[in-house]
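Chain by chain, the residues run as shown.
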Amino acid sequence: MSPIDPRLQEALDGERDPGDLPADLREGYALLVAATQVLKAMPPVSVASRVMAEIRQNPARVQSDGPARRLFRWLGGGRAVTVRLRPVWTLALAAGLATVLLVPWSSGIPTPGVAQGIANFVGHFPGARSVEVVGSFNDWSRGVLHLNDDDHDGIWHADAVLPAGPHEYMFVVDGERWVSDPLADHYVDDGFGAGQQNSLVIVRPVSAQP
Amino acid sequence: MVNDGAPDIEVVAQVLGGDGEAFGILIRRYEPGLLRFATRMLGNPDAAADAVAESLVRAYRHLAQCRDPGRLRSWLYRITGNRCRSHLARRHTNDISLSDVPAPALADSSDTWAVLERGEQVALVERALAALPAEKREAFVLKHVEGMSYEEMAAATGARIPTLKMRVHRAREALLAALEEVVR
C-alpha cells in the first residue's frame, strides 16, 4: 500500500476540484467515489417496531411526570438525612457551607433516616442565571434540583436528600451548559465513549456522620 | 405535540416531557443511517440490526443525558459506534470476519452482465472495507458514507480531528490499493 498523492486526498476532502487532477489520479478518484456510492445503499430492514415495543413495555424510565410531581414524590418518600461537607477554597464558600449546615432543619429538608444522607452541592459560577444538578439520583432530569445564590456572590448551593452510596451528577448552568463539579471527590466516565466524565458524590448515611 | 419535521431539540423535549411515542420520530429520522453505519462496521446485517436496536433503546433510556440535543445525530452515532465496538470485541478482534461478508455473486443464466457487474462490485467493495481495521473503517464510513464533517465525526467518536483525518487518509489508501488490485 503506497501513500495516495496529496492532490487526490484534497479532491476527496472537497478541497480541490477533481477536474484539475491529472488523468491517473482522476482514475483513482473515480474508483473511490464509485466504491462510496456502493456503500451508500440502505439496508432493507427496520428495527423501529422492535425498539418502540421495548419502549412501550417500560416507558417510565424516561422522565414521564412533570418536575413538580416528581419532586413531590421524591420529597414525600420518607427519606433520611446526612450531611456531606466538601473542601472550600474561599472564605465566602466556607461561609456558604456553614450557612447550609446550620439551616437544613429549618429549610424544609426532610428528617434524616438511617440509610440516606444529605448531599451538599456547591459550585462557583459567577454571572450564571441558573444552576441545577442532574444526576443518576433523579434520572438526569432537569428542573428538579436547583442551586441558589441568594447573596449573588457567584457561589451556588443546594442540599438534596439522597440514598447513601455513590451518585453520578453534573451541574447544568443557564439551562444549557453541562459542567463537571471541579470539587467532586471522584469522576467516572459517562459511558458514551467520548472521554467525558461525570462527577461522583458518595453520600454517607447519617449514622456514619461524626 | 410535535410533527415529523420538528427539530431534534423539540422532539427530545417532547420525549422527556413524557411522550415516549415521539421517540418514533427520531427513529424514523436516524434509523436508516445508523443501520447502514452498523452494517458497514459489522459486516453482518443481523448483528447490525441488533446493535442499532440496542443503541436506540439505550438512547431512549438515557435521553436526559444528551447534553446537546441539537447534536443528537452525533450522539446516536456515538452510542451505536460503541455498541459495534463491543460487538467486535466479543469476537476478540476488531476486524470483520470475511465469512460475514458475502463473496462476489455468481450469475445464473438469466442475469444480465450489468447485474453481475453490480453484484460483483458490491461484494468487492464490502470485502475491501471489511479488511480495514475497525478505526479506519469507522472513519471512512462516517466521512464518505454518512457524509459527516470532521467536527461531527469528532463528536461521534471522541477522537481528535487530526487523528480522524489521518484515519480517513489511510483508509482511502488501503481501499484504493485493494480495488486497483482487482480492477487492473
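Read on for a plain summary of the structure. The model shown is predicted, which means the values in this text are computed figures rather than measured ones.

**Some details on the overall build of chain A**
Line of reasoning, step 1. Scanning chain A from N- to C-terminus turns up 5 helices and 8 strands.
Line of reasoning, step 2. Secondary structure elements in chain A, listed N-terminal to C-terminal, are α-α-α-α-α-β-β-β-β-β-β-β-β.
Line of reasoning, step 3. Residues counted as buried form 29% of the 210 residues belonging to chain A.
Line of reasoning, step 4. The contacts of chain A with a sequence gap of at least 6 include a subset with a gap of at least 24, amounting to 66%.

**Things to note about helix α3 (residues 45-61) of chain B**
Line of reasoning, step 1. Relative to the 24 Å expected for 17 residues at 1.5 Å per residue, α3 of chain B spans 24 Å between its end C-alpha atoms, a close match to the ideal helical length.
Line of reasoning, step 2. Buried residues of α3 of chain B: Ala47, Ala48, Ala49, Ala51, Val52, Ala53, Ser55, Leu56, Val57, Ala59 and Tyr60 of chain B, and no others.
Line of reasoning, step 3. Against α3 (48-57) of chain A together with α2 (23-42) and α4 (72-90) of chain B lie the buried residues of α3 of chain B.

**Let's talk about the environment of Ala156 of chain B**
Residue and element names in this part refer to chain B.
Line of reasoning, step 1. Assignment of secondary structure puts Ala156 in helix α7 (residues 150-157).
Line of reasoning, step 2. On the neighbour-count criterion, Ala156 (26 C-beta atoms within 10 Å) is buried.
Line of reasoning, step 3. Along the primary structure Ala156 and Gly81 are separated by 75 residues, whereas in three dimensions their C-alpha atoms are 8.0 Å apart.
Line of reasoning, step 4. Contacts of Ala156, omitting those with residues within four sequence positions, involve Ser74, Tyr77, Arg78, Gly81, Leu142 and Met148.

**Here we look at the environment of Ala92 of chain A**
Residues and elements named next belong to chain A.
Line of reasoning, step 1. Position of Ala92 among the secondary structure elements: in helix α5 (residues 91-102).
Line of reasoning, step 2. Look at Ala92 and you get partly exposed, because 14 C-beta atoms sit within 10 Å.
Line of reasoning, step 3. Separated by 63 residues in sequence, Ala92 and Ile155 place their C-alpha atoms 8.0 Å apart.
Line of reasoning, step 4. Excluding residues that lie within four positions of it along the chain, Ala92 makes contacts with Asp153 and Ile155.

**Observations regarding unusual backbone geometry**
Residues and elements named next belong to chain A.
Line of reasoning, step 1. The phi dihedral of His152 falls on the positive side, at around 55 degrees, and the residue is not glycine.
Line of reasoning, step 2. Examined against the element boundaries, His152 turns out to sit in the loop between β3 (145-146) and β4 (155-163).
Line of reasoning, step 3. Positive phi values are uncommon outside glycine, yet Asp174 reaches one of about 55 degrees.
Line of reasoning, step 4. Its location among the elements puts Asp174 in the loop between β5 (165-173) and β6 (177-179).
Line of reasoning, step 5. Since 12 C-beta atoms lie within 10 Å of it, Asp174 is described here as exposed.

**Concerning α7 of chain B**
Residue and element names in this part refer to chain B.
Line of reasoning, step 1. Residues Met153, Ala156 and Thr157 constitute the buried set of α7. Take α7 and look down its axis: the buried residues cluster within an arc of 80 degrees, on one side only.
Line of reasoning, step 2. Two residues or fewer past α7, Gly158 is found with a positive phi of approximately 85 degrees.

**Side note on the packing of α2 of chain B against helix α6 (residues 134-145) of chain B**
Angle between the axes and distance between the axes: these two values describe a pair of packed helices.
Residue and element names in this part refer to chain B.
Line of reasoning, step 1. For the pair α2 and α6, interaxial distance at closest approach is 10 Å and the crossing angle is 150 degrees. Helix-helix and strand crossings are classified by hand; for α2 and α6 the assignment is right-handed. Between α2 and α6, the contacting residues are Arg36, Phe37, Arg40 and Met41 on the first element and Arg137, Glu138, Val141 and Val145 on the second.
Line of reasoning, step 2. Classifying every residue of the contact of α2 with α6 gives 4 nonpolar, no polar and 4 charged.

**A look at the interface of chain B and chain A**
Line of reasoning, step 1. Counting residues at the interface gives 47 residues for chain B and 40 residues for chain A.
Line of reasoning, step 2. Those elements that provide at least two residues to the side of chain B that touches chain A are α1 (8-16), α2, α3, α4, α5 (113-130), α6 and α8 (161-183) of chain B.
Line of reasoning, step 3. Taken together, the residues of the side of chain B that touches chain A sort by class into 27 nonpolar, 10 polar and 10 charged.

**Notes on the pairing of strand β8 (residues 197-203) of chain A**
Residue and element names in this part refer to chain A.
Line of reasoning, step 1. In terms of strand pairing, β5 meets β8 through 5 bridges, oriented antiparallel. Along β8, the bridge assignment pairs Tyr169 with Ser199.
Line of reasoning, step 2. Bridge count between strand β7 (residues 186-189) and β8: 4 bridges; the pairing is antiparallel. Considered in β8, the bridge of Val188 is made with Asn198.

Here is what the cut-offs are and how they apply
- Residues numbered from 1 in each chain as written.
- Chains lettered and ligands numbered in written order.
- Predicted model: local features only at pLDDT ≥ 70, side-chain atom pairs only at ≥ 80, totals over all residues.
- Helix = DSSP H or I, 4+ residues; strand = E, 2+ residues; numbered from the N terminus.
- Buried ≥ 20, exposed ≤ 12 C-beta atoms within 10 Å, placed from the backbone.
- Contact = placed C-beta atoms within 7 Å.
- Expected span 1.5 Å × (residues − 1).
- Arc of directions from axis to C-beta.
- Axes fitted to C-alpha atoms, helices over the stretch in contact; angles between N-to-C directions.
- Left-handed = near helix turned anticlockwise from the far one by under 90°.
- Nonpolar A, V, L, I, M, F, W, Y, C, P; charged D, E, K, R; others polar.
- Pairing = 2+ DSSP bridges.

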